[in-house]
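# Tertiary structure, described
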Amino acid sequence: MGHRIFPVVGWAERGDGRAEGHGNSVPRFHITWGTGPGVLEPFLTRLAAHRGTGRITLATRRAVEELLVEDGRVVGVRGSLLAADGTPRGVASTREVTGEFEERAAAVVVTTGGIGGNAGLVRQVWPGDLGTMPEGVVHGVPASVDGAGMLAAERAGGRWIHRERMWHYTEGVRNWDPVWRGHGIRILPGPSSLWVDARGRRLPAPAFPGFDTTATLRHLRTTGHDHSWFVRTPAIIAKEFALSGSEQNPDLTGRDWGQVLGRVKPGAPGPVQAFLDLGEDFLQAGNVPELAASMNALVGASLIDAAELGRVIRARDAEIVNRFSKDAQLTALRGARQYLGDRLIRTAAPHRLLDPRAGGLIAVRLHVLLRKTLGGLETDLGGRVQRGDALGGSAGGAVPGLYAAGEVSGFGGGGMHGHNALEGTFLGGCLFSGRQAARGVLADLG
Ligand SMILES: Cc1cc2nc3c(=O)[nH]c(=O)nc-3n(C[C@H](O)[C@H](O)[C@H](O)COP(=O)(O)OP(=O)(O)OC[C@H]3O[C@@H](n4cnc5c(N)ncnc54)[C@H](O)[C@@H]3O)c2cc1C
């Protein structure tokens, strides 16, 4: 297809600490050279070629609200026409409605993504085993990913299954330069930060940074507060603080080797420094009492006891100089540095947080960031959306004319990940289910 991969493979989602348990056994987080735009590029090139020969017409600025159904068959879509908008990528486009539209087709393939941009809908289907949904969340997907396509397909007779399955991050920070409402950025954390809950209590294993996303979320929902904290040093920030999203990684997105090599230099990369300077969740202090005071000031409540936070930090620091450490996180940190890729650009050399040479303390307030929808429209292997009954059960067979692919179909089939997932495994299901749906349409239309 023309995709190229950045040669240093990352080790996201290290797992729950058991050999046979959740998590990656080897580093396998591949980054597309060019990030999101690099993923799209080969497809856009082909699309342009088909448009050039008149085989494809692109109809953009149309928000689909309903699927047209005639005699039980989906025959088209209807919705609002949005005002033309020339804003570049990374800037919110206008939602101004200028009219209505209707399009008819022999096959309708729904690829409208998940529901993570719609907190109300996520709340309706939030799973009981994750406790209650936090009141304060940030959004890790654009507002347009609001589940409208999912709901329209359901109204047209399709079956939305495993709706309680979802994958959200616990390391969200508010974007100081938001593109959409409540825009959050996920920190892709290296393994060194001390992670404490809203009251300053250290999170238990395996809730270490980058280890087990859903187990960490489940634990945090028992703490009685919506936020938690990373406590780290400038050295940890500089080496381990990676941000998710194409605009946060201009070196990889712009395929600029000069900038990429800058990652091994001391100091924080530009986008990270911008968060340190401008992000509302970032606090810096010279000592623990000052840090605790600013943490309490930020949340408007005296939740952190400075003496207790100091005790937790000193206990962790004491294990840094203990070769026989029983601290599972520090043992894992040393293990991570056996891998050259992590050693070069993803893990700071183990050091005490209170080491005067480490440059002070940084606390980062973390929010739950809504991202992925693991359930979705139930399909067969040809992307054909299966028919549901009024109670959400199966009515047997497919809805004629209706297909789905990508996140709206739970990355394929209605939930191919099961109840959990592994970081970085989502685009694969989108691409594969897209191909399957195309083959299904071709087989049906001949
Ligand atoms: C910041 C970020 C980083 C990510 N990083 C990774 C990663 O490293 N690895 C990985 O595997 N996955 C990653 N993901 C997840 C992955 O990008 C998504 O799962 C994937 O893009 C979903 O693809 P999709 O085509 O199904 O839906 P989307 O990419 O969400 O596209 C849906 C499209 O449908 C449009 N739409 C929605 N509703 C309507 C409507 N009613 N009418 C008309 N159009 C509509 C939307 O505007 C959008 O253009 C990341 C996601 C985000 C947001």
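Residues numbered from 1 in each chain as written. Predicted model: local features only at pLDDT ≥ 70, side-chain atom pairs only at ≥ 80, totals over all residues. Heavy atoms only, no water.

### Considerations on the pattern of salt bridges
When their charged atoms lie close together, side chains carrying opposite charge are able to pair. Summed over the entire model, instances satisfying the criterion amount to 24 salt bridges. A salt bridge links Arg186 to Glu171; the nearest nitrogen and oxygen atoms lie 3.0 Å apart. A residue pair is termed long-range when its members are at least 10 positions apart, and Arg186 in strand 8 (residues 184–189) and Glu171 in strand 7 (residues 166–174) qualify at 15 residues. Both residues of the pair, Arg186 and Glu171, count as buried. For Asp444, the salt bridge is made with Arg384, and the minimal N-O distance between the two is 2.8 Å. Within this pair, whereas Asp444 is found in helix 13 (residues 426–445), its partner Arg384 is found in strand 15 (residues 384–388), the two being separated by 60 residues in sequence. For Asp444, a relative accessible area of 40% gives the class partly exposed. Connected via shared salt-bridge partners are Arg174, Glu280, Asp281 and Arg365. (Salt bridge = Lys/Arg side-chain N within 4 Å of Asp/Glu carboxyl O. Helix = DSSP H or I, 4+ residues; strand = E, 2+ residues; numbered from the N terminus. Buried < 20%, exposed > 50% of the residue type's maximum accessible area, 1.4 Å probe, protein only.)

### Remarks on helix 13
An ideal rise of 1.5 Å per residue puts 28 Å on 20 residues; helix 13 measures up with 29 Å between its terminal C-alpha atoms. Buried residues of helix 13: Phe426, Gly429, Ser433, Gln436, Ala437, Gly440 and Val441, and no others. Seen end-on, helix 13 carries its buried residues on one side only, within an arc spanning 140°. In helix 13, those exposed residues whose orientation departs by more than 90 degrees from the buried face are Leu427 and Leu442. The inward-facing, buried residues of helix 13 contact strand 4 (108–110), strand 7, strand 13 (361–373), strand 15 and strand 16 (394–404). Gly446 sits one or two positions beyond helix 13 and adopts a positive phi of about 75°. (Expected span 1.5 Å × (residues − 1). Arc of directions from axis to C-beta. Contact = heavy atoms within 4.5 Å.)

### Some remarks on the site of the ligand
Every one of the 23 residues lining the ligand counts as a neighbour, but Val64, Ser144, Glu407, Phe426 and Leu427 are closest to it. Here an oxygen atom of the ligand and a side-chain polar atom of Ser144 are 3.1 Å apart. Between the ligand and Phe426 there is a distance of 2.9 Å, counted from an oxygen atom to a backbone nitrogen or oxygen. Surface burial for the ligand is 67%, taken as the share of its 1,000 Å² of free accessible area covered by protein chains. Secondary-structure elements contributing two or more residues to the shell around the ligand are strand 1 (62–70), strand 13 and helix 13. Of the residues in the shell around the ligand, the class split is 10 nonpolar, nine polar and four charged. (Near = heavy atom within 4 Å. Polar contact = N/O pair within 3.5 Å; in protein donor to acceptor, adjacent residues only side chain to side chain. Areas by Shrake-Rupley, 256 points an atom, 1.4 Å probe, with all protein chains shown as cover. Nonpolar A, V, L, I, M, F, W, Y, C, P; charged D, E, K, R; others polar.)

### A look at the nonpolar core
The nonpolar side chains of a soluble globular protein tend to be buried, and buried together. Leu67, Trp126, Leu377 and Leu402 are the most contacted members of the largest nonpolar core, which has 29 residues in total. Looking at this core, the elements that each hand over two or more residues are strand 2 (73–82), strand 4, helix 2 (119–125), helix 3 (148–155), strand 13 and strand 16. Those residues in contact with Trp126 that sit more than four places away from it in its chain are Gly131, Thr132, Met133, Pro134, Met166, His168, Leu217 and Leu370. (Core = buried A, V, L, I, M, F, W, Y, C linked by side-chain atoms within 4.5 Å.)

### Describing the UniProt feature "domain: FAD-dependent oxidoreductase 2 FAD-binding" (unreviewed entry) in the chain
UniProt annotation of "domain: FAD-dependent oxidoreductase 2 FAD-binding" (unreviewed entry) refers to residues 8–427 when read in the numbering used here. The distance from the first to the last C-alpha atom of residues 8–427 is 19 Å, and the span holds 26% helix and 23% strand. (UniProt positions renumbered as here; feature names shortened; annotations may be inferred.)

### A look at the packing of aromatic side chains
Two aromatic rings, taken as a pair, are described by how far apart their centres are and by the angle between their planes. Here the structure, examined in full by the defined rule, presents 10 aromatic pairs. Taking the centre distance of 6.1 Å and the plane angle of 15° together, the rings of Phe6 and Trp33 count as stacked. Within this pair, whereas Phe6 is found in the segment before helix 1 (35–52), its partner Trp33 is found in the segment before helix 1, the two being separated by 27 residues in sequence. Ring geometry for Trp167 versus Tyr169: centroids 6.0 Å apart, planes at 85°, classification edge-to-face. Tyr169 carries the same exposure label as Trp167, and that label is buried. Following the ring pairs from residue to residue traces out a cluster consisting of Trp167, Tyr169, Phe411 and Phe426. (Phe/Tyr/Trp six-rings, centres within 6.5 Å; stacked < 30°, edge-to-face > 60°.)

### Overview of the sheet that holds strand 15
Ordered by their spatial adjacency, three strands build an open sheet running 4-16-15, and the pairing between neighbours is mixed. Since the sheet does not close on itself, it has two edges, and those belong to strand 4 and strand 15, each with one partner. Sheet twist, expressed as the mean angle between neighbouring strand axes with direction ignored, is 60°. Judged from the three bridges that link them, strand 4 and strand 16 form a sheet pairing that is parallel. Residue pairing across strands places Val109 opposite Tyr403, the latter belonging to strand 16. Taken strand by strand, helix 13 contacts strand 4, strand 15 and strand 16, and its axis lies near 95° from that of strand 16. (Pairing = 2+ DSSP bridges. Axes fitted to C-alpha atoms, helices over the stretch in contact; angles between N-to-C directions.)

### Quick notes on the side chain of Gln386
Structurally, the position occupied by Gln386 is in strand 15. Owing to a relative accessible area of 16%, Gln386 belongs among the buried residues under this scheme. A distance of 3.0 Å separates a polar atom in the side chain of Gln386 from the backbone oxygen of Arg384. Not counting the four nearest positions on each side in its chain, Gln386 is found in contact with Gly157, Gly158, Arg159, Glu378, Thr379, Asp380, Gly397, Ala398 and Val399.

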